[in-house]
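# Survey of secondary and tertiary structure
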Amino acid sequence: MGAKGGGRLRLVRHALLPLFAVLLLAGCASMPSSGEVRKVSEGQRADSDSQVRVFGIGPSPGESASDIVNGFLEATTSSESDFVTAKSYLSKQEKKRWKPDTGITVFSGELAPREVGGTGRKEGYTTVTLSATKSAVVDAKHAYEPDHGTFSTSFHLVKEDNQWRIDGLANGLVLSDLDFQRIYHSVNMYYFARLGPDEHPAGGSSNATLVADPVYLRIQNDPLVSTVSALLGGPTDWLSHVVTTATPAGTRLEDKGPDHGVSVDDSQRLQVRLGSAADKLHGQRCTQLAAQLFATVQAQASAQLASAEVDHADGSTACVLHSSEALGYGPENLVGSSPRPYFIEADSQHRLLELTDDGKGSTPKATPVPGPFGSSKAYLDSVAVRRDQEVAAGVRSEGRDLVVGSLVTGQAFGKAVVTSNVKDGLSAPSWDGFDDLWVADRDPDSPKLLVLPHGTGTPIEVPVPDLDGRIQSLRVASDGVRIALVVQQGSQTRLMLGRIVREGTTQHPQFAVNSLRPLTPSGENMTSVSWAGASKLVVLDTEPGGAQQIEYISSDGSAGSALQGVSEATSVASSENAASPLLASYNGRVYELPTDANWKQVSPKGSDPVYPG
């Protein structure tokens, strides 16, 4: 901690510093600076965490009010999940009132304590005020949000048995960014997307699509229980407007047994026992909850789960979802198991090339795609490939025309489906997982966000009520309810995340993008963005000092690790399939970064690499 005067835990931590150094170098303790980008498996992380246990020391007789406050803050960073040591610094009344789980204020730098003296000290009470620079907040639903600025908090102390004890403080925790990294880790909860008319297509089937909702949970003795409990608690406030959960209202774990309601046996069968609020849960809704549980726990597990079983409070089985069935709900269904990379050849024809890999470590081979996009007269400025890799959309005519065509057959493009009035007016397009095509018109006199239902429908202008600036580029998540926007605000370009609200009917769909949230600090300039997983993006940004980097960012805004990449790159591309290599373009060349190798130059020359989406 940055606060002065409380050295209790620091003595314990000093003994663990060599181990901390090893963990940091291995990438085990790196959030919020790492988000979901981990260099070890979850199983490895759990093994390491079990070796790093920090315990607080209670107050000593005769300590000053400032020492008591500092000791309390140090004790909240211990490995105790029940805060028993931290509560020993509180008055008898405050022990009953204080609620540590209502939220977290994360600060950077040093806490500056200031004790308010005066007559209060003589009368047995005083106040200690702390101020610092705030970097983020975490709410009661475990949702992380960057929040930069100054903050202060006050601790009211009284004398009990002639010893200072805290008698008044705000609920929640105050943690340094380093302590937050150590104590909390990112976990994806999974909920079903609200897809409006796309939720029940004309064919009669159902589009059950899981959306990742990242939260931060305290590393405890049983992370499995805390993960499932958080899922049952429902989605974060920001995402709740565009997702649903199959959990019956008021449902909690039936945690009276030794397993606290959650277990995974030696056969990797997940078993979750719910409280009485879920006694009537059965059928399809129960299966959907099992799918949410399977996806959420599987994302944290080091071994492949065999099944997810949901039980009632009396131990009877409500439903079982096997791994083969769970695959049908996985978010990767919309991404594809083998999305291929593409880029535009840097010759006079500007045609679309497809990269193929023989899987033997050799240099990927680039060949023209079939159909008009691979023809000698493609003249493409930018392109987006539909997720089934059979259709593409391209911007032509110096950024004025958007065309849609086949990647399988055909010789010529049809009529433009969208036309801008200005040169370079249209952004690169993007497909969601339901074949809707998105593009921004950057015409300064008439900027707009457009969507073409199923890529062929009449363009619909999408309202973005919270937009301050002009959309320069965009990338839609496969789930169809999240969209990343690079927005021009004066001389800066910032990355924003918006919720896609889908309403209306199949014949008359309605779309809106609302509740934009900034994912990058003010002063950084974004030039390229791509989804890189269930809840993370890869961006190309330029920091205030002019340094450029390729960086991973979580969809909750927590910063990610920067890559050693191609300096002065012009674009970056990734797939939501984590097994696919990262792509970047620089100086008329495309480079590929496999997961286990260094950057490789791709031939021939080209630009604007993309994955389907």
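Look up: the structure comes first, before these words.
Cut-offs and rules
Residues numbered from 1 in each chain as written. Predicted model: local features only at pLDDT ≥ 70, side-chain atom pairs only at ≥ 80, totals over all residues. Heavy atoms only, no water. Phe/Tyr/Trp six-rings, centres within 6.5 Å; stacked < 30°, edge-to-face > 60°. Helix = DSSP H or I, 4+ residues; strand = E, 2+ residues; numbered from the N terminus. Buried < 20%, exposed > 50% of the residue type's maximum accessible area, 1.4 Å probe, protein only. Lys NZ or Arg CZ within 6 Å of the ring centre and 35° of its normal. Salt bridge = Lys/Arg side-chain N within 4 Å of Asp/Glu carboxyl O. Pairing = 2+ DSSP bridges. Contact = heavy atoms within 4.5 Å. Axes fitted to C-alpha atoms, helices over the stretch in contact; angles between N-to-C directions. Polar contact = N/O pair within 3.5 Å; in protein donor to acceptor, adjacent residues only side chain to side chain. Expected span 1.5 Å × (residues − 1). Parallel < 35°, antiparallel > 145°, perpendicular 65-115°, else oblique. Left-handed = near helix turned anticlockwise from the far one by under 90°. Nonpolar A, V, L, I, M, F, W, Y, C, P; charged D, E, K, R; others polar. Core = buried A, V, L, I, M, F, W, Y, C linked by side-chain atoms within 4.5 Å.

### Digging into the packing of aromatic side chains
By convention here, two paired aromatic rings are described through the distance between centres and the angle between planes. One pass over the structure, following the stated rule, counts ten aromatic pairs. With centroids separated by 6.2 Å and ring planes inclined at 65 degrees, the aromatic side chains of F72 and F155 adopt a geometry described as edge-to-face. Here F72, found in helix α3 (residues 65-75), pairs with F155, found in strand β3 (residues 144-160); they are 83 residues apart in sequence, far enough to count as distant. The exposure classification of F72 matches that of F155, with both residues buried. One aromatic cluster is present, built from ring pairs that chain together F72, F83, W98 and F155. Across from the ring centre of W431, 6.0 Å away, lies the NZ or CZ of R386, which sits over that ring.

### So, the pattern of salt bridges
Here the structure, examined in full by the defined rule, presents 14 salt bridges. Residues D259 and R273 are paired through a salt bridge, measuring 3.0 Å at the closest nitrogen-oxygen approach. You can see D259 sitting in the loop between β8 (243-244) and β9 (262-264) and its partner R273 sitting in strand β10 (residues 269-273), a full 14 residues away along the chain. Classification of D259 as partly exposed rests on a relative accessible area of 24%. Measuring nitrogen to oxygen at the nearest pair gives 2.2 Å for the salt bridge that ties E354 to R340.

### Comments concerning the sheet that holds strand β6 (residues 184-193)
Here we have three strands laid out as an open sheet, ordered β7-β6-β8, and antiparallel in their pairing. In this open sheet, the two edge strands, each paired with only one partner strand, are β7 (210-218) and β8. Along the sheet face, helix α8 (residues 223-232) touches β6 and β7 and points at about 40 degrees away from the line of β6. Here helix α9 (residues 283-298) sits on the sheet and contacts β6 and β7; the angle it forms with β6, its principal contact strand, is near 150 degrees.

### Let's talk about the environment of R482
Note on placement: R482 falls in strand β25 (residues 482-489). Placed 243 residues apart in sequence, R482 and L239 show a C-alpha to C-alpha distance of 9.0 Å. A polar contact is formed between the side chain of R482 and the side chain of D479, at a distance of 2.6 Å. A distance of 2.9 Å separates a polar side-chain atom of R482 from the backbone oxygen of A534.

### A look at α8
Where burial is concerned, most of α8 is hidden: seven out of the ten residues are buried. Along α8, the positions that sit buried rather than exposed are V225, S226, T227, V228, A230, L231 and L232. Along its buried surface, α8 packs onto β6, β7, β9, β10 and α9. Directly after α8, the chain includes G234, whose backbone phi takes a positive value near 100 degrees.

### A word on α9
If you check α9, its first and last C-alpha atoms are 22 Å apart, about what 16 residues at 1.5 Å a residue would give, namely 22 Å. In terms of residue burial, α9 counts as a mostly covered element, since twelve of its 16 residues are buried. Every buried residue of α9 is listed here: C286, T287, L289, A290, A291, Q292, L293, F294, A295, T296, V297 and Q298.

### Notes on the side chain of N577
Inspection of the secondary structure puts N577 in the loop between β32 (571-573) and β33 (582-586). Polar contacts involving the side chain of N577 include one to the main-chain amide nitrogen of A579, which spans 2.9 Å.

### Quick notes on the packing of α8 against α9
When two helices pack together, their arrangement is given by the angle between the helix axes and by the axis-to-axis distance. In the contact formed by α8 and α9, the axes pass within 10 Å of each other and the chain directions differ by 135 degrees. By the angle between their directions, the pair α8 and α9 is classed as oblique. Seen from above, α8 lies across α9 with right-handed handedness. Residues L224, T227, V228, L231 and L232 of α8 form the contact with α9, whose own contacting residues are L289, Q292, L293, T296 and V297. Residue composition of the contact of α8 with α9, grouped by class: seven nonpolar, three polar and no charged.

### Thoughts on the nonpolar core
Judged by nonpolar contacts, the single largest core of 61 residues is most densely connected at V228, L253, V272, L274, L293, V310 and L495. It is α9 that contributes the most residues to this core, eight residues altogether. Apart from residues lying up to four places away in sequence, V310 is in contact with V272, L274, L281, C286, A290, L293, T317, A318 and C319. Counting residues in each nonpolar core, the second largest holds 34 residues, with A65, V69, L111 and F155 among its members.

### Side note on the pairing of strand β30 (residues 548-554)
Two faces belong to every sheet, and in a regular strand the side chains alternate between them. Counting buried positions over the seven residues of β30 gives six, a clear majority of the element. Bridging between strand β29 (residues 536-542) and β30 involves seven bridges; their strand directions are antiparallel. Counted as the bridge partner of D541 is Q549 from β30. Pairing analysis gives three bridges linking β30 to strand β31 (residues 559-563), with the strands arranged antiparallel. Looking across to β31, one finds that I550 is bridged to L563. Here β30 hands over to β31 after four residues, with G557 in that stretch at a positive phi of 100 degrees.

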